[in-house]
Each structure stands twice: as C-alpha cells, then as structure tokens.
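Per-entry structural report
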Amino acid sequence: MGRGKATRRLVLIVEDEAQLRALIVALFEDSDLEVVECESAEAALAVMLLRGLDAAMIFADIRLSGAMDGVDLAREAKMRWPHLTVVLTSGTGGEHLQHLPPGVIYLSKPWEPLEVLGLAEQAKLSAQQRKIYGR
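Residues numbered from 1 in each chain as written. Predicted model: local features only at pLDDT ≥ 70, side-chain atom pairs only at ≥ 80, totals over all residues. Heavy atoms only, no water.

Our focus in this paragraph is the confidence of the model for the protein chain. Counting all residues, the mean pLDDT for the protein chain is 89, and 89% of those residues have values of 70 or more. When the criterion is pLDDT under 50, residues 1-5 qualifies, and its contacts beyond four places in sequence or with other chains add up to 0 contacts. (pLDDT = per-residue confidence, 0-100. Contact = heavy atoms within 4.5 Å.)

Structure representation (structure tokens):
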C-alpha cells in the first residue's frame, strides 16, 4: 500500500489577541508547516508536552495573559527542548529583553512577514536535520 505520511513540523503561534493571532496564522497558510494556535503560554506548553518532538518553532508575543508571559514560555521551552527555535516579539520589549534566555530570537513589532517565514523555514530545516542525525 502507500508509504507512511511524513510528520509535518509544527509552528506554535502564541498570541492572546485573537485578531492578531489570526493574522499570524494566515501568514503560514501556504507553508508546509502545521500551525497550532495558542492564546496563552500555558496552552503552548501543554501542546509542547504532547507534541514537542514535532515542533520546529514557537512564535510568541512577550506580553501574554495568564500566569506565564512569553519570556517564561521561552525559558521553559529552551530548558526542555534546547534546539527548538523560539522567536519572541513585542512592540515594547522593555526590561523583558534583559531576561531573554540564550538562543531566543527577538523581533520588534512591526516585523516583516518574510522575516518570520524565513525563520520558520530555517527552524523546519534544522528540525529535519536533527531527526536525520538523531540529535
């Protein structure tokens, strides 16, 4: 019969403003990444605990409603999945920028859509390489 379907890599979009989250999701509609929408860092962490090995990138706002903000999410994600690409964004990063974990990418709003898509493509390729080489 047919071959097994290759696992699509995930990109988690973590944004508490529904309209902005929908715009970011629309940015990925033509990509070959599976998009998972999360309205909080806690929801994103729950998805990662279930499907973290499939994830290529987390794209999150720094300021989120809930107990955790984007920096907290990035810290937890980098601790559990050190090779995961984590991109944080904000219009006013302020003092949060001093607390970014190592390896986290920061994009100031407004960011360029092609820059975000480029980071996602690099993250997907990096995740595929890790799977091939078992890292």
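Turning our attention to the pairing of strand 2 (residues 34-38). In this sheet, strand 2 lies alongside strand 1 (residues 10-14) in parallel orientation, the contact comprising 5 bridges. When the bridges of strand 2 are listed, Val14 appears paired with Cys38. Once the chain exits strand 1 it traverses helix 1 (residues 18-27) before rejoining the sheet at strand 2, and the crossover so formed is right-handed. (Pairing = 2+ DSSP bridges. Helix = DSSP H or I, 4+ residues; strand = E, 2+ residues; numbered from the N terminus. Right-handed = clockwise from strand over helix to strand, strands pointing away.)

With that settled, the discussion passes to helix 1. Among the residues of helix 1, Arg21, Ile24 and Val25 are the ones counted as buried. One face of helix 1 carries all of its buried residues, which in axial projection span an arc of 100°. Those residues of helix 1 that are exposed and angled more than 90 degrees off the buried face are Gln19 and Leu23. Where helix 1 is buried, its residues meet strand 1, strand 2 and strand 3 (55-61). (Buried < 20%, exposed > 50% of the residue type's maximum accessible area, 1.4 Å probe, protein only. Arc of directions from axis to C-beta.)

The parallel open sheet is built from 5 strands, whose spatial order is 2-1-3-4-5. If you trace the sheet from one side to the other, it starts and ends with strand 2 and strand 5 (105-108), each paired once. The mean angle between the axes of side-by-side strands here comes to 20°, regardless of whether they run parallel or antiparallel. Its contacts with the sheet place helix 2 (residues 41-51) against strand 1, strand 2 and strand 3, and it is angled at close to 165° to strand 1. Packing of helix 3 (residues 70-80) onto the sheet brings it into contact with strand 1, strand 3 and strand 4 (85-90), and relative to strand 4 it is tilted by some 175°. (Axes fitted to C-alpha atoms, helices over the stretch in contact; angles between N-to-C directions.)

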